[in-house]
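# Understanding the architecture of this molecule
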Amino acid sequence: MSYQGSCHCGKVTFSVDADIPDTAMSCNCSHCRRKGFLLTFVPEADFTLHTGAEDLTEYRFYKHVIAHLFCTTCGTEAFMSGTKPDGSAVRGINLRCVPAADLDALTIKRVDGARF
Ligand SMILES: [Zn+2]
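Our subject in this report is the structure included herewith. (Residues numbered from 1 in each chain as written. Predicted model: local features only at pLDDT ≥ 70, side-chain atom pairs only at ≥ 80, totals over all residues. Heavy atoms only, no water.)

Coordination of the zinc ion by the protein involves Cys7 (SG), Cys9 (SG), Cys71 (SG) and Cys74 (SG), with metal-donor separations of 2.3 to 2.4 Å. The site at the zinc ion holds four donor atoms, and with the angles between them running 104 to 117°, its shape is tetrahedral. Written as a sequence motif, the donor residues of the zinc ion are C-x1-C-x61-C-x2-C. Taken as a pair, Cys7 in the loop between β1 (3–6) and β2 (13–16) and Cys71 in strand β7 (residues 67–71) lie far apart in primary sequence, 64 residues in all. Like Cys7, the residue Cys71 is buried in the burial classification. (Donors = N, O, S within 2.8 Å, 3.2 Å for Na, K, Ca; no water. Tetrahedral: all angles 85-135°; square planar, octahedral: opposite > 155°, others 65-115°. Helix = DSSP H or I, 4+ residues; strand = E, 2+ residues; numbered from the N terminus. Buried < 20%, exposed > 50% of the residue type's maximum accessible area, 1.4 Å probe, protein only.)

The next thing to look at is the packing of aromatic side chains. The final tally for this structure, using the stated rule, is four aromatic pairs. Ring centres 4.7 Å apart and planes at 50° place the aromatic pair Phe47 and Phe79 in the tilted group. With Phe47 in strand β5 (residues 47–51) and Phe79 in strand β8 (residues 79–83), the pair connects residues that are 32 residues apart, well separated along the chain. Both residues of the pair, Phe47 and Phe79, count as buried. (Phe/Tyr/Trp six-rings, centres within 6.5 Å; stacked < 30°, edge-to-face > 60°.)

This paragraph deals with the pairing of β7. Across the five residues that make up β7, a large majority, four, are buried. Here four bridges tie strand β6 (residues 56–59) to β7, and the two strands are oriented antiparallel to one another. Residue pairing in the sheet places Glu58 in a bridge with Leu69 of β7. One ladder, built from three bridges, connects β7 with β8; its direction is antiparallel. Note on β8: the bridge partner recorded for Leu69 is Phe79. (Pairing = 2+ DSSP bridges.)

Listed below in structure tokens is the structure:
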């Protein structure tokens, strides 16, 4: 199965070759708490950006290892791009930007990012 996601205005659209997960990560770091992400991570190869590459801008902070990509029109960060410690490329998906995800049914895994 695969699922689709988008920013709010619809310029940025993507799909992920995976089932919608039943767990999501909620992090309390200074960035995540402000944006309210519910995250899941997938291998780069399972992610396809369909539209909006030219509409994305990038924000990096702290160790600058994660590219936070958000739509320049609506400000929505639907996904981010990073590298795992083993060097493999991953995408963090903001499940709040996946309309088919039942947010209330997700088991929330809390991450204490504020202490990283
Ligand atoms: Zn947008």
